Amino acid sequence: MDSSSETQQSRRTRSERRPRWGRRLAIGAAVLLPVLLVAGILGGRPLYAAAKVSKARASVLRGEAMLRNGALDEGMHHLRVAYRLAPQDPEVLRAVARTSFQTGNPEATGFFRTLLEMPSVTLEDRLLAAEVFLHGGERDSAGKLIAALTREAARDPRVWHLALEHSRQFSALPDSIALARNVVSRFPGDAEGEFQLGRFLAESPRAVDRKEGVRLLWAVGLGRSNQRERAARVLAEQPTLVPKEAERLARILEERPGADLETRLVAAQLRVRAVPDSRLEWAEKVTGWLPPDAGVPEVLGVVRWLEQHRALDQAGSLLPLARCRTNLALMGAHVDYLLATRQEGVLEAMVQSGDTVLDSAMGLAARGAMRARLGDAVGAEAFFRGALAAGGRRDLVLPFVAREAVRADLRPLALEAVGLWMYLPGEAAAAGRMLVQIVGRHPDLTTPREQLRQLLGLLPAEEWVVIELGWVELLTNGILPWATDQFERLHRQWPEDASVQAALALARLRGGNPALALEALHAGALDPDSGDHRRQIASAVVLAANGQREAARRMIRSVPASGLQPELEALVQPLR
């Protein structure tokens with residue numbers, strides 16, 4: 001074969017091979033391309049997700065910066081964008097959850113529940129979550145989390161501060177006092193623990209506890225801790241303050257620049273207690289604190305202050321009808337103002353016009369209060385009963401009728417209103433306090449006894465309800481075994497409390513054991529000048545039953561000769 005033939009054959013061979021290599025390349029590309037596509041997708045997803053997280057975190061930083069500068073709407077917008085981009089990123093979720101809580105967003109609870117389930121949750125997250133649950137009144141969620149924290153971070157006082165707040169909201173007072181003592185023992189010098197212990201003790205029905213609590217609160221109030229102002233505000237509520245103490249507390253509350261309106265109102269109240277003749281002067285100042293665009297809570301706060309200080313006639317400028325007519329809370333305050341300033345004609349015309357937010361029940365209640373101010377008790381009662389039957393906004397109608405009925409000396413009607421009021425959600429304690437006031441002024445104790453029993457069913461852990469009902473059961477010969485058991489328990493718990501001593505002594509006497517009754521009386525109970533007529537009479541009766549009639553007569557020397565409830569008069573009459 002010559003060279004030219006060989007060359008042609010070689011060319012044919014290469015030509016035949018080319019299609020085969022092309023097919024191989026095409027097949028290889030067909031196989032490789034999906035692999036490359038899948039690899040690109042799988043590799044791109046993490047990159048894209050990481051980019052979204054990075055963008056979300058940057059949006060969080062911008063939002064937080066805007067919030068710090070007061071740009072609330074813009075800041076919250078950036079946080080919402082961040083959450084949409086990366087809802088499962090711990091840093092983003094943490095920022096959104098905290099800011100939601102700080103701005104009052106009800107979704108904060110849900111955000112924190114999600115955050116608590118993440119492996120990266122921190123102690124700070126859990127502490128703030130417990131605070132969020134407490135703020136929302138979630139007893140069980142807060143309790144479980146705080147219980148876990150007390151085991152895992154027992155050396156952190158913040159955990160125990162949360163435990164104290166949980167106890168304050170949901171536990172009986174003796175349990176709260178015991179816990180607070182434990183915290184103060186664990187962390188000597190801890191201002192929060194000392195403040196909480198002082199506050200709990202100041203609420204105790206035992207005089208010795210109250211004395212210790214006030215002493216602790218003064219120590220905190222005169223210190224330099226961040227609990228100084230809170231202690232001063234609790235002390236401001238103590239009825240035993242003398243003028244110099246009131247002035248000192250006012251200075252503590254006034255020393256912080258930019259104090260909120262509520263704090264300033266407490267300070268003003270203390271100034272009036274220090275110098276009673278300055279009442280009208282301070283009423284004018286307080287009224288001038290509100291700007292024209294003040295919110296409803298601020299307006300109502302000032303109006304309540306003026307009412308407490310018998311200066312409601314100065315509230316007219318705060319309660320223009322044009323603003324009040326569409327807001328039921330403001331309208332209630334406006335009605336109080338018209339009643340206080342005896343503008344019955346204006347009130348009547350306003351009620352009849354139907355041009356305000358007052359519903360029919362509140363309109364009837366307002367008419368009843370108006371008739372009571374004019375001395376028409378029969379007409380007042382008729383309108384009040386109409387208001388109770390009409391329904392309306394019960395959370396406004398029932399307290400209003402109860403208060404006005406007490407003022408008009410319509411006690412049975414007041415009891416009826418309170419009996420309905422205490423069953424409204426969250427209102428049992430406020431209604432119960434009013435009920436105890438009514439009981440003290442009611443012409444007999446048998447009538448309100450059943451309502452006190454119902455109140456105890458609503459507030460079984462409140463010792464002040466137990467004590468009040470216990471006294472009524474003793475004085476009316478009601479459920480004596482229950483009352484005796486309760487005062488035996490309270491005496492073991494508070495052996496130095498004079499009121500409990502006297503009640504226990506009367507219970508034992510009712511049970512037929514005068515000698516054992518006498519053993520319950522100690523120096524505190526045998527104070528003839530205590531001003532507690534129930535205690536004085538019970539102690540005197542026990543002394544007389546043990547042959548000490550002269551000592552018994554000395555015990556009742558300051559008890560009034562008339563005006564006592566029949567049950568008390570029946571006990572004291574043989575000793576006159």
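Note that the structure is predicted; figures quoted are calculated from it, not measured.

S.K.: Where do I start with the overall build of the chain in this structure?
M.R.: What the chain contains, in helices and strands, is 31 helices and 0 strands. Here the chain holds 576 residues, and 45% of them are scored as buried. Within the chain, residue pairs in contact and separated by at least 24 positions form 52% of the contacts whose partners lie at least 6 positions apart. Roughly 29300 Å² of accessible area belongs to the chain as shown, and the carbon and sulfur atoms make up 54% of that amount.

S.K.: What is the right way to look at helix 17 (residues 328-340) in this model?
M.R.: Two residues of an α-helix separated by three or four positions point the same way, owing to the 3.6 residues in each turn. Compared with an ideal rise of 1.5 Å per residue, which puts 13 residues at 18 Å, helix 17 spans 18 Å between its outermost C-alpha atoms and is within 8% of the ideal. Along helix 17, 11 of the 13 residues are buried, which leaves the element largely enclosed by surrounding structure. On the buried face of helix 17, the contacting elements are helix 15 (296-308), helix 16 (321-324), helix 18 (344-353), helix 19 (360-373) and helix 21 (394-407). Sitting at the head of helix 17, Asn327 places a side-chain oxygen 3.1 Å from the backbone nitrogen of Ala329. Positive phi shows up at Arg342, right after helix 17, with a value of about 55°.

S.K.: When you look at the packing of helix 22 (residues 411-421) against helix 24 (residues 446-458) in this model, what are you seeing that I'm missing?
M.R.: Angle between the axes and distance between the axes are the two parameters that describe a pair of packed helices. Remark: helix 22 packs on helix 24, axes separated minimally by 11 Å, with the N-to-C direction vectors making an angle of 5°. Taken as axis vectors, helix 22 and helix 24 run roughly parallel relative to one another. Across the interface between the two elements, Leu415, Glu416 and Gly419 from helix 22 touch Thr447, Pro448 and Gln451 from helix 24. Tallied by class, residues from the contact of helix 22 with helix 24 come to 2 nonpolar, 3 polar and 1 charged.

S.K.: What is the right way to read the side chain of Ser167 from this model?
M.R.: Along the chain, Ser167 turns up in helix 7 (residues 157-170). Of the polar contacts made by the side chain of Ser167, one reaches the side chain of Ser176; its length is 2.7 Å. Once residues within four sequence positions are removed from consideration, Ser167 is found in contact with Asp175, Ser176 and Leu179.

S.K.: I keep staring at the pattern of salt bridges and nothing clicks. Help me out?
M.R.: Any two side chains of opposite charge can pair, on the condition that their charged atoms come close. As enumerated under the stated definition, the model contains 32 salt bridges in all. Where Arg230 meets Glu192, a salt bridge forms, and the shortest distance between an N and an O atom there is 2.9 Å. Here the residue Arg230 occupies a position in helix 11 (residues 228-235), and Glu192 occupies one in helix 9 (residues 191-202), the gap between them amounting to 38 residues. Across the salt bridge formed by Glu468 and Arg534, the nearest N and O atoms sit 3.2 Å from each other. Here Glu468, found in helix 25 (residues 463-475), pairs with Arg534, found in helix 29 (residues 533-545); they are 66 residues apart in sequence, far enough to count as distant. When salt bridges that share partners are traced, they join Glu307, Asp336, Arg373, Arg403, Glu404 and Arg407 into one network.

S.K.: Even after reading the chapter, I still don't get the environment of Pro276, so can you show me in this structure?
M.R.: Mapped onto the secondary structure, Pro276 falls in the loop between helix 13 (261-274) and helix 14 (279-288). Residue Pro276 is classed as exposed on the basis of its relative accessible area of 54%. C-alpha separation for the pair Pro276 and His309, spaced 33 residues apart in sequence, amounts to 9.8 Å.

S.K.: Can you walk me through helix 5 (residues 123-135) in this structure?
M.R.: Along its 13 residues, helix 5 runs 18 Å from first to last C-alpha, staying within 8% of the 18 Å computed at 1.5 Å per residue. Those residues of helix 5 that fall on the buried side of the exposure criterion are Asp125, Arg126, Leu127, Leu128, Ala129, Ala130, Val132, Phe133 and Leu134. Note on helix 5: the residue one or two positions beyond its end, Gly137, has a positive phi of about 70°.

S.K.: Before we go on, may I ask you to explain the packing of aromatic side chains in this structure?
M.R.: Working definition: an aromatic ring pair is given by the centre-to-centre distance plus the angle between the planes. Taken as a whole and assessed by the stated rule, the structure comprises 2 aromatic pairs. Measuring from centroid to centroid gives 6.5 Å for Trp282 and Trp289, while their planes differ by 70°, and the two rings are edge-to-face. With centroids separated by 6.4 Å and ring planes inclined at 70°, the aromatic side chains of Trp471 and Phe487 adopt a geometry described as edge-to-face. Residue Trp471 is located in helix 25, and its partner Phe487 is located in helix 26 (residues 480-493); the two are separated by 16 residues in the primary sequence. Among the residues examined, Trp471 registers a relative accessible area of 0% and is labelled buried. The ring centre of Trp464 lies 3.9 Å from the NZ or CZ of Arg433, which sits over that ring.

S.K.: Teacher, can you tell me more about unusual backbone geometry here?
M.R.: Among all residues save glycine, negative phi is the norm, and among peptide bonds the norm is trans. Positive phi values are uncommon outside glycine, yet Arg310 reaches one of about 55°. Note on placement: Arg310 falls in the loop between helix 15 and helix 16. By relative accessible area, which is 62% here, Arg310 ends up exposed.

S.K.: I keep staring at the nonpolar core and nothing clicks. Help me out?
M.R.: In summary, soluble globular proteins display a tendency toward joint burial of nonpolar side chains. Counting 112 residues, the largest nonpolar core has Trp305, Leu306, Leu319, Leu347 and Trp471 as its most contacted members. In terms of residues, this core owes the most to one element, helix 25, which gives 9 residues. When near neighbours in sequence (up to four residues on either side) are disregarded, Leu319 contacts Val299, Val303, Cys324, Leu330, Ala333, His334 and Tyr337. Counting residues in hydrophobic clusters, the runner-up holds 35 residues, among them Leu93, Leu128, Ala129 and Leu149.

S.K.: Which parts of the structure should I look at to understand the packing of helix 19 against helix 21?
M.R.: Their axes nearest at 10 Å, the elements helix 19 and helix 21 cross at an angle of 10°. Taken as axis vectors, helix 19 and helix 21 run roughly parallel relative to one another. Of the residues in helix 21, those in contact with Ala361, Met362, Ala365, Ala366, Ala369 and Arg373 of helix 19 are Leu396, Val397, Phe400, Val401, Glu404 and Arg407. Among the residues forming the contact of helix 19 with helix 21, the class breakdown is 9 nonpolar, no polar and 3 charged.

S.K.: Would you mind going over the environment of Gln169 with me for this structure?
M.R.: Structurally, the position occupied by Gln169 is in helix 7. Exposure remark for Gln169: the relative accessible area of 30% places this residue in the partly exposed category. In the structure, Gln169 is positioned 35 residues away from Leu134 in sequence and 8.4 Å away in space, judged by C-alpha atoms. With sequence-adjacent residues up to four places away left out, Gln169 is seen in contact with Leu134 and Gly137. A distance of 3.5 Å separates the side chain of Gln169 from the backbone oxygen of Leu134, its partner in a polar contact.

S.K.: Quick question: what am I supposed to make of the side chain of Arg279 here?
M.R.: Here Arg279 shows up in helix 14. Among buried Asp, Glu, Lys and Arg side chains, Arg279 stands out as unpaired, with Asp313 the closest opposite charge at 6.3 Å. The residues contacting Arg279, other than those within four sequence positions of it, are Val272, His309, Arg310 and Ala311.

Rules used in this analysis
Residues numbered from 1 in each chain as written. Predicted model: local features only at pLDDT ≥ 70, side-chain atom pairs only at ≥ 80, totals over all residues. Heavy atoms only, no water. Helix = DSSP H or I, 4+ residues; strand = E, 2+ residues; numbered from the N terminus. Buried < 20%, exposed > 50% of the residue type's maximum accessible area, 1.4 Å probe, protein only. Contact = heavy atoms within 4.5 Å. Areas by Shrake-Rupley, 256 points an atom, 1.4 Å probe, with all protein chains shown as cover. Expected span 1.5 Å × (residues − 1). Polar contact = N/O pair within 3.5 Å; in protein donor to acceptor, adjacent residues only side chain to side chain. Axes fitted to C-alpha atoms, helices over the stretch in contact; angles between N-to-C directions. Parallel < 35°, antiparallel > 145°, perpendicular 65-115°, else oblique. Nonpolar A, V, L, I, M, F, W, Y, C, P; charged D, E, K, R; others polar. Salt bridge = Lys/Arg side-chain N within 4 Å of Asp/Glu carboxyl O. Phe/Tyr/Trp six-rings, centres within 6.5 Å; stacked < 30°, edge-to-face > 60°. Lys NZ or Arg CZ within 6 Å of the ring centre and 35° of its normal. Core = buried A, V, L, I, M, F, W, Y, C linked by side-chain atoms within 4.5 Å. Lys, Arg positive; Asp, Glu negative; His and termini not counted.

The analysis is restricted to geometry; functional conclusions fall outside its scope.
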